[in-house]
Amino acid sequence: MEHIAKFAIQEAENLGVEYMDVRVSQFIKEEIEIHNGELEKLLYHEDQGIGIRVLVEGGWGFVSTPKHCEQEVRKCIVQAIELAKASGSVRQENLALSPIEKAVAEYRTSLKRDPFDVPLAEKMELLEQANAALRVQPEVTVAKSMMYMHREEKLFLNSVGSHIYQETTVVGAGIQAIASDGKDVQVRSYPNTFQGNFQQSGYEYIEGLGLVDEAERVAQEAVQLLQADDCPEGVQTLILHGSQLALQIHESCGHAVELDRALGEESGFVGESFLTSDCLDHFQYGSEIVHLTADATTEGGVGTYLYDDEGIAAQRTPLVEDGKFVGYLSGRDTAPRIHKESSGAMRAVGWQNVPIVRMTNVHLEPGDFTVDEIISTTESGIYMEGIKSWSIDDIRYNFQFGCEIAWEIRDGKRIRMLKNPFYTSNSPEFWSQCDAIAHDDWQLWGVPNCGKGEPFQTIFVSHGASTARFRQVQIGVS
Amino acid sequence: MKIQEHTVAKAFLQACDFVINTGQGLADHIACFLLGDQHTLTRYANNQIIQNVRKQDHTMIVKVILSGRIGMASCNQFDEQTLYRTVKQAVELAKFAPIHPTVAGFPEQEIIPQVNGCDEATEQVTATEMAKMVEMIVSKSVANHLRAAGAVQVQVMDQAVANSSGVRVYGRRTKAEVHAVVLGKTGSGYASDTKRSFYDLQAEEVVRVAIEKCQLSEGAIELPAGDYPVILEQKATAELLSYLGVLAFNPVTYHQGNGFLSNRMGYRVLSEQLSISEDPLGKEGLPDGFDWDGLPKQKVSLIQDGVATGMIYDDAIGKKYGCKSTGNAKYPLSPSFMEICPSHLHMEAGKTSRADMIAQMERGILITRFHYVGVLHSKEILLTGMTRGGTFYIENGKIVSPVKNLRFTEKISSAFNQVVAVGDESKLHSWPGSMSTVKAPDLMLSTFHFNGAASH
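- Under an unreviewed UniProt entry, the name given to chain B is Putative Zn-dependent protease, and the source organism is Baia soyae.

- An unreviewed UniProt entry annotates chain A as TldD protein of Baia soyae.

Laid out in structure tokens, this is it:
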């Protein structure tokens, strides 16, 4: 890794680039899935390669290759320079970059039990037991148990002399029951919908999930949903469990505060943001109890690192304070356009891709309530849990989310299970109606499938979230 | 040059041969799957190029069967040491796997249809040529005091499949795509084009349409939620059709009884004006001769005059349900929640021009495309999403006003039963990074449900 990275830096400097950085990485992952007691997937994957980014004549060029030889790297640098020159040929304004300092650092995920050292037989046994427990209910037609782990070793060097080695280990697991009575199909997942939940950790995180213990409840709820009443429609009080609130944060805040979106750079694909730069430090995003933070230093977060993929130190950035919009996620080439410095949020998926502005770990800070207090102080409302569907417009304003399960709350108690719930609103109106946030069930929710950019990159991000209450929300049934 | 004589073909097949030969001594059955991907993309926004990338990678996937147990390993280095280690890794994993009750082996060789999915000139497109296309789009937008965003991209995909039952195939395909989002003070317009060859892209037409839509979109009014007749332009139809493809033609949910078409095969399920097929061999698309089992792709009638007529299969699912593969095996590293689905959907064109549809409409909405569509109920194909890129109100046969984007929540199975007219041209669409396509015409529907509006 070291030799080829240094070679790339030297070659690029010889060719007169203004700036360059190189990432050399090795990636391994293991995936296991059992469906209805049968093996659906058992995969070990490894890849390695180099991503080279150069700045020439005011334009960026990026080339990646799986080949590690000097001849290939030299060819890639020449191609990257050609791309950079072509970029510079269609520009309206000069590219300004926020400052970067030389950094020499190392980072490794803290882990007690290396997941790649755990015997495969032990992993299989856990998933088989959880799968069998889901299938105790005969109406469960599809029972899934899943496990995932990856490790990326990444060396970053740049032309200002930085040398940053980071070794990240991510693990995750989950179960899912799909119940059917021939007329209806209902799904329940644990810990969450997207293949479970994920953390930067060792195997101890998977052991602590209690997949086997939770399977009976998950299966029962999927079956009970078949007979449950439809969620009543209307404007009501909504209580969201963290499993769903994490996605709400992701879609209506996390993406909305990406500065490249706000500046129009994503308008050709995923869209822009209602949080335009003139909103910064002025716009009331939510109620005064809403505090949202992007924190790339959160222990265990799947968006945690020491330095981002352009060599800027990880940061804790307030996004919303006392309900007011105060910060963006940004990189070196976007931050100067609002007279700021990079927030250290440039991330690339693997060596293959160019770094772009991404979420790190975006949290809703814990509030003053317990979950019991939120429910017991709600006279009438709907409590929803688990991600089922999601849709939001291209400026992250109007949204509609469906959940796996709901309960009607009456006089401070859960009184009946409801199916097919969804809620719809717009981002500032929704967050301004937030009047209670719990602290006792705050946890990290790992999202493995955050998509953005062209070429499309799917990255892991985390959200800290707890149960919270929102007043006057339009609720529907699908 | 014959495709098998290409340098990449030789390297890929050589790697395949090494893997199969190595594995035959270590496993009962072995297969390997090789994907090469070169993607060059010039991205622009705010009337300037903001990103210019060329990425390439290749992945070798090895799958073994050992005493009824399956193991899979993959790598992206083709030296013999790495390939040997990958085969061994797959074998070691298989030893720990539970015995699969139905797995017997890999499919045997069949005759592959000869298609030309590769445009050699497109492989050689330069950064300067791509930048010049962007420059043309930007200059026309600037001339109209508008700002342009989008991408010009070229993809070259190499695919090889080999197994110990005699399959040994290689193919190379190209895709070129341009899309433009042109933005004004409040309005925006979208257009795109996808071709096999970069040199066939109609970039001037793309920017012309996007500018026209943008200019027409200024000063949009808000429409109340409710049911409206709609005209779906080709892109909008293609987006809904792609969801129909994924949800209705999933053979697993179909046979489990959880699918939209379960117990409805042979019955009329959509408007009799609609005929839909899986058409991977069509010359006007991005033709593809074989799937990830190495089996031949073929045209499959899925809906004929509104009647459900066919389902798609790969080898394993087909054998499980007593059906023959239709050549729809998915990439082995695809997430397991992505079941097999049609890769080249084609809804047949009708006879009505867009202008005639508009002229016929007393009151309704013209939709350019949708954004961020989500599935609310998979069996009923109940979807929600927003309109984007140009939404217009029609009254008495004329476009009278742009409309702020609307949220729809609608059962597509119901919507596609309300067809008033089918457009006279099916246009090819694809999605970023994917070689799958959907070819779809405009559709005029008598009713479509909107339950909310955006702020813009």
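Next comes the rest of the account.
A word on the overall build of chain B
Alright, step 1. Helix and strand counts for chain B come out as 10 helices and 19 strands.
Alright, step 2. Its C-alpha radius of gyration of 24 Å places chain B within 12% of the 23 Å reference for a compact globule of 456 residues.
Alright, step 3. The buried share among the 456 residues of chain B stands at 62%.
Alright, step 4. Sequence-distant contacts in chain B: of pairs separated by 6 or more residues, those separated by 24 or more amount to 72%.

Looking at the overall build of chain A
Alright, step 1. Of regular secondary structure, chain A possesses nine helices and 24 strands.
Alright, step 2. With respect to the three principal axes, the spread of C-alpha positions in chain A is 70 × 55 × 35 Å.
Alright, step 3. By sequence separation, contacts in chain A at least 24 residues apart represent 75% of the contacts at least 6 residues apart.
Alright, step 4. Summed over its atoms, the accessible surface of chain A is roughly 15700 Å², and 45% of this surface lies on carbon and sulfur atoms.

A word on the UniProt feature "domain: Metalloprotease TldD/E N-terminal" (unreviewed entry) in chain A
Alright, step 1. As recorded in UniProt, the feature "domain: Metalloprotease TldD/E N-terminal" (unreviewed entry) lies at residues 21-84 of chain A.
Alright, step 2. End-to-end, the C-alpha atoms of residues 21-84 of chain A are 13 Å apart, and along that stretch the chain is 23% helix and 64% strand.

Focus on the UniProt feature "domain: Metalloprotease TldD/E N-terminal" (unreviewed entry) in chain B
Alright, step 1. Listed under "domain: Metalloprotease TldD/E N-terminal" (unreviewed entry) in the UniProt record, and renumbered for this structure, are residues 40-94 of chain B.
Alright, step 2. Overall, residues 40-94 of chain B shows 27% helix and 58% strand. The separation of its end C-alpha atoms is 37 Å.

As for the sheet that holds strand 9 (residues 300-304) of chain B
All names here are of chain B.
Alright, step 1. The strand order across the open sheet built from six strands is 10-9-8-11-18-17, with neighbouring strands paired in mixed fashion. The outermost strands of the open sheet, each flanked by one partner alone, are strand 10 (307-308) and strand 17 (427-430).
Alright, step 2. With three bridges joining them, strand 11 (residues 344-347) and strand 18 (residues 437-440) adopt parallel strand pairing. Bridge assignment links His346 to a residue of strand 18, and that residue is Lys439.

Here's the deal with unusual backbone geometry
All names here are of chain A.
Alright, step 1. Here the amide bond leading from Tyr190 into Pro191 is cis, since omega sits at -10 degrees, within 30 degrees of zero.
Alright, step 2. Position of Pro191 among the secondary structure elements: in the loop between strand 7 (185-190) and strand 8 (197-200).
Alright, step 3. Phi is positive for Asp322, which is not a glycine, with a value near 50 degrees.
Alright, step 4. Position of Asp322 among the secondary structure elements: in the loop between strand 12 (316-321) and strand 13 (324-325).
Alright, step 5. Owing to a relative accessible area of 46%, Asp322 belongs among the partly exposed residues under this scheme.

Let's talk about the sheet that holds strand 11 (residues 292-295) of chain A
Residues and elements named next belong to chain A.
Alright, step 1. Here we have four strands laid out as an open sheet, ordered 13-12-11-16, and antiparallel in their pairing. Where the open sheet ends on each side, the last strands, each with one partner, are strand 13 and strand 16 (362-364).
Alright, step 2. Docked against the sheet, helix 6 (residues 242-254) engages strand 11, strand 12 and strand 16, running at close to 115 degrees with respect to strand 16.

Section: the state of the cysteines
Alright, step 1. All told, the structure shown has zero disulfides over all chains when counted by the stated rule.
Alright, step 2. Residue A:Cys434 stays outside any disulfide, its sulfur separated by 12 Å from that of A:Cys253, the closest cysteine.
Alright, step 3. According to the relative accessible area criterion, A:Cys434 is buried, its value standing at 3%.
Alright, step 4. The thiol sulfur of B:Cys323 is not disulfide-bonded, and the nearest other cysteine sulfur, from B:Cys341, lies at 18 Å.
Alright, step 5. For B:Cys323, a relative accessible area of 28% translates into the label partly exposed.

Points about helix 5 (residues 211-227) of chain A
Residue and element names in this part refer to chain A.
Alright, step 1. Helix length check: helix 5, at 17 residues, gives a terminal C-alpha distance of 25 Å against a target of 24 Å (1.5 Å per residue), a fit within 8%.
Alright, step 2. For helix 5, the set of buried residues is Leu211, Ala215, Val218, Ala219, Glu221, Ala222, Val223, Leu225 and Leu226.
Alright, step 3. Buried residues along helix 5 sit in contact with helix 3 (120-134), strand 5 (140-158), strand 6 (163-180), strand 7, strand 18 (398-410) and strand 19 (413-419).

Some words on empty space enclosed by the protein
Alright, step 1. For the structure shown, the criterion picks out five cavities of 30 Å³ or more.
Alright, step 2. Roughly 220 Å³ of volume is contained in the largest cavity.
Alright, step 3. In this structure, the largest cavity is lined by 19 residues; those nearest its centre are A:Asp333, A:Pro355, A:Ile356, B:Ile50 and B:Gln51.
Alright, step 4. Listed by contribution, the elements that provide at least two residues to the lining of the largest cavity are strand 3 (59-65) and strand 15 (356-357) of chain A together with strand 2 (48-66) of chain B.
Alright, step 5. At four residues, strand 2 of chain B tops the list of elements feeding residues into the lining of the largest cavity.
Alright, step 6. Residues belonging to the lining of the largest cavity are distributed by class as follows: nine nonpolar, four polar and six charged.
Alright, step 7. Empty space within the second largest cavity amounts to approximately 50 Å³.
Alright, step 8. If you go around the second largest cavity, the residues you meet are A:Asn192, A:Thr193, A:Phe194, A:Gly196, A:Ser243, A:Ala246, A:Leu247, A:Ile387, A:Trp445, A:Gly446 and A:Val447.
Alright, step 9. Counting only elements with at least two residues in the lining of the second largest cavity, the list comes to helix 6 and strand 22 (443-452) of chain A.
Alright, step 10. The residue makeup of the lining of the second largest cavity, split by class, is six nonpolar, five polar and no charged.
Alright, step 11. Counting only domains with at least three residues in the lining of the second largest cavity, you end up with domain 1 (2-227) and domain 2 (230-477) of chain A.

A short note on the packing of helix 3 of chain A against helix 5 of chain A
All names here are of chain A.
Alright, step 1. Look at helix 3 against helix 5: their axes get within 8 Å of each other, and the N-to-C directions meet at 20 degrees. With respect to helix 5, the axis of helix 3 lies roughly parallel. Between helix 3 and helix 5 lies a crossing whose hand is right-handed. Where helix 3 abuts helix 5, its residues Leu126, Leu127, Gln129, Ala130, Ala133 and Leu134 lie against Leu211, Val212, Ala215, Val218 and Ala219.
Alright, step 2. Tallied by class, the residues present in the contact of helix 3 with helix 5 amount to 10 nonpolar, one polar and no charged.

Observations concerning the UniProt feature "domain: Metalloprotease TldD/E C-terminal" (unreviewed entry) in chain A
Alright, step 1. In the numbering adopted here, UniProt assigns the feature "domain: Metalloprotease TldD/E C-terminal" (unreviewed entry) to residues 237-475 of chain A.
Alright, step 2. From the first C-alpha to the last, residues 237-475 of chain A spans 9 Å; its make-up is 12% helix and 39% strand.

A short note on the packing of helix 1 (residues 2-14) of chain A against helix 2 (residues 70-88) of chain A
All names here are of chain A.
Alright, step 1. Running from N to C, helix 1 and helix 2 point in directions that differ by 40 degrees, and their axes come no closer than 10 Å. Considering the angle they form, helix 1 stands oblique to helix 2. Once helix 1 is placed against helix 2, the crossing between them reads as right-handed. Contacts between helix 1 and helix 2 involve His3, Ile4, Phe7, Ala8, Glu11 and Ala12 on the former and, on the latter, Glu70, Val73, Arg74 and Ile77.
Alright, step 2. For the contact of helix 1 with helix 2, the per-class residue count stands at six nonpolar, one polar and three charged.

Some thoughts on the packing of aromatic side chains
Alright, step 1. What the rule picks out here adds up to 29 aromatic pairs over all chains.
Alright, step 2. Through pairs of rings, three or more aromatic residues link up here, namely A:Phe274, A:Phe283, A:Tyr285, A:Tyr397, A:Phe399, A:Phe401, A:Tyr423, A:Phe430, A:Trp431 and A:Phe470.
Alright, step 3. When the ring centre of B:Trp431 is taken as reference, the NZ or CZ atom of B:Lys235 above it lies at 5.0 Å.

Comments concerning the environment of B:Asp193
Residues and elements named next belong to chain B.
Alright, step 1. By secondary structure assignment, the location of Asp193 is in strand 6 (residues 188-195).
Alright, step 2. Among the residues examined, Asp193 registers a relative accessible area of 3% and is labelled buried.
Alright, step 3. Distance in space between the C-alpha atoms of Asp193 and Ala454 is 27 Å, their sequence separation being 261 residues.
Alright, step 4. Of the polar contacts made by the side chain of Asp193, one reaches the backbone nitrogen of Gln202; its length is 2.8 Å.
Alright, step 5. At 3.2 Å, the side chain of Asp193 forms a polar contact with the side chain of Lys427.

Considerations on the domain arrangement of chain A
Often the size quoted for an interface is simply the accessible area lost on bringing the parts together.
Residues and elements named next belong to chain A.
Alright, step 1. Domain boundaries in chain A define domain 1 (2-227) and domain 2 (230-477).
Alright, step 2. Between domain 1 and domain 2, the contact holds 52 residues from the first and 49 residues from the second.
Alright, step 3. Note on domain 1 versus domain 2: buried area summed over both sides is about 4100 Å², and carbon and sulfur give 54% of it.
Alright, step 4. Considering only the side of domain 1, the residues that lose the most area to domain 2 are Arg23, Ser98 and Phe194, jointly responsible for 16% of the buried surface there.
Alright, step 5. Counting every contact that joins domain 1 to domain 2 gives six salt bridges.
Alright, step 6. Counting residues per element, the side of domain 1 that touches domain 2 draws most heavily on strand 2 (residues 38-56), which supplies six residues.
Alright, step 7. Taken together, the residues that form the side of domain 1 that touches domain 2 break down as 23 nonpolar, 18 polar and 11 charged.

Cut-offs applied
Residues numbered from 1 in each chain as written. Chains lettered and ligands numbered in written order. Predicted model: local features only at pLDDT ≥ 70, side-chain atom pairs only at ≥ 80, totals over all residues. Heavy atoms only, no water. Helix = DSSP H or I, 4+ residues; strand = E, 2+ residues; numbered from the N terminus. Rg over C-alpha atoms; globule rule 2.2 N^0.38 Å. Buried < 20%, exposed > 50% of the residue type's maximum accessible area, 1.4 Å probe, protein only. Contact = heavy atoms within 4.5 Å. Areas by Shrake-Rupley, 256 points an atom, 1.4 Å probe, with all protein chains shown as cover. UniProt positions renumbered as here; feature names shortened; annotations may be inferred. Pairing = 2+ DSSP bridges. Axes fitted to C-alpha atoms, helices over the stretch in contact; angles between N-to-C directions. Disulfide = S-S within 2.5 Å. Expected span 1.5 Å × (residues − 1). 1 Å grid on protein atoms, 1.4 Å probe; cavity = no way out; pocket = protein on both sides within 12 Å on 5 of 7 lines; lining within 4 Å. Points joined across faces, edges and corners; volume = space filled by probe spheres on them. Nonpolar A, V, L, I, M, F, W, Y, C, P; charged D, E, K, R; others polar. Domains from an automatic or database assignment. Parallel < 35°, antiparallel > 145°, perpendicular 65-115°, else oblique. Left-handed = near helix turned anticlockwise from the far one by under 90°. Phe/Tyr/Trp six-rings, centres within 6.5 Å; stacked < 30°, edge-to-face > 60°. Lys NZ or Arg CZ within 6 Å of the ring centre and 35° of its normal. Polar contact = N/O pair within 3.5 Å; in protein donor to acceptor, adjacent residues only side chain to side chain. Buried area = accessible area lost by both parts, 1.4 Å probe. Salt bridge = Lys/Arg side-chain N within 4 Å of Asp/Glu carboxyl O.

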